[in-house]
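A closer look at the structure
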Amino acid sequence: DTNHLPNDADEIAPDGSEVRLLLTLDSGGMADLTIPAGHTIRAVRHQTVEEIWYIVSGRGDMGRSLGDAESVVTLEPGLALSIPVGTTFQVKNTGTDDICVVGQTMPPWPGNDEAIVCEGPWPPTLGP
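Residues numbered from 1 in each chain as written. Predicted model: local features only at pLDDT ≥ 70, side-chain atom pairs only at ≥ 80, totals over all residues. Heavy atoms only, no water.

What follows concerns the sheet that holds strand E11 (residues 115-117). Reading across from one edge, E7-E6-E9-E4-E11 is the order of the 5 strands in this open sheet, with antiparallel pairing throughout. Of all the strands in the sheet, just strand E7 (69-75) and E11 have a single pairing partner and so form its edges. The average angle at which neighbouring strand axes cross in this sheet is 25°, direction not considered. Judged from the 6 bridges that link them, strand E6 (residues 60-66) and strand E9 (residues 88-93) form a sheet pairing that is antiparallel. Bridged to Met-62 within E9 is Val-91. (Pairing = 2+ DSSP bridges. Helix = DSSP H or I, 4+ residues; strand = E, 2+ residues; numbered from the N terminus. Axes fitted to C-alpha atoms, helices over the stretch in contact; angles between N-to-C directions.)

Sheet strands line up and pair through hydrogen bonds in the backbone, either parallel or antiparallel. The strand order across the open sheet formed by 6 strands is E1-E2-E3-E10-E5-E8, and the pairing between neighbours is antiparallel. Looking at strand neighbours, the two that pair on one side only are strand E1 (11-12) and strand E8 (80-83), the edges of this open sheet. Note: strand E2 (residues 18-24) against strand E3 (residues 29-35), 6 bridges, orientation antiparallel. Looking at the pairing, Leu-23 lines up with Met-30 of E3.

Relative to the helices and strands, Asp-15 is located in the loop between E1 and E2. Buried Asp-15, no salt bridge; nearest opposite-charge side chain is Arg-42, N-O distance 8.1 Å. At 2.7 Å, the side chain of Asp-15 forms a polar contact with the side chain of Ser-17. If sequence neighbours within four positions are ignored, Asp-15 has contacts with Ile-41, Arg-42, Val-44, Phe-89, Leu-126 and Gly-127. (Buried < 20%, exposed > 50% of the residue type's maximum accessible area, 1.4 Å probe, protein only. Lys, Arg positive; Asp, Glu negative; His and termini not counted. Salt bridge = Lys/Arg side-chain N within 4 Å of Asp/Glu carboxyl O. Polar contact = N/O pair within 3.5 Å; in protein donor to acceptor, adjacent residues only side chain to side chain. Contact = heavy atoms within 4.5 Å.)

Here we come to unusual backbone geometry. A cis geometry characterises the amide bond from Met-106 onward to Pro-107, with omega recorded as -10°. Summarising the element assignment, Pro-107 is placed in the loop between strand E10 (99-106) and E11.

Encoded structure:
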């Protein structure tokens, strides 16, 4: 398959980010995720999928927690990070530009019931 990045979002994720679908295979899917400047997505936890994110542009912070481990990582262009199954995560855009992410989900995203809304480190400004 071959695809170009769509101009418009295909959907709004349960966390409030804009999703532009790229490609899906049996073992995983890839999408472009956008978190608008000045906004914070809702904290969520995935039940069955794990993700890898690559930050293309923008700046912000991601809070992640899994079990007793909690961390906040600074998001910046060129950074790659993982979100293992069961990790609660939330992103706060601290910059003046949108955060644009290429995200890969393994296995493919099963639908919006996959994400459980959770408490995060910051009050969200986005959400469906």
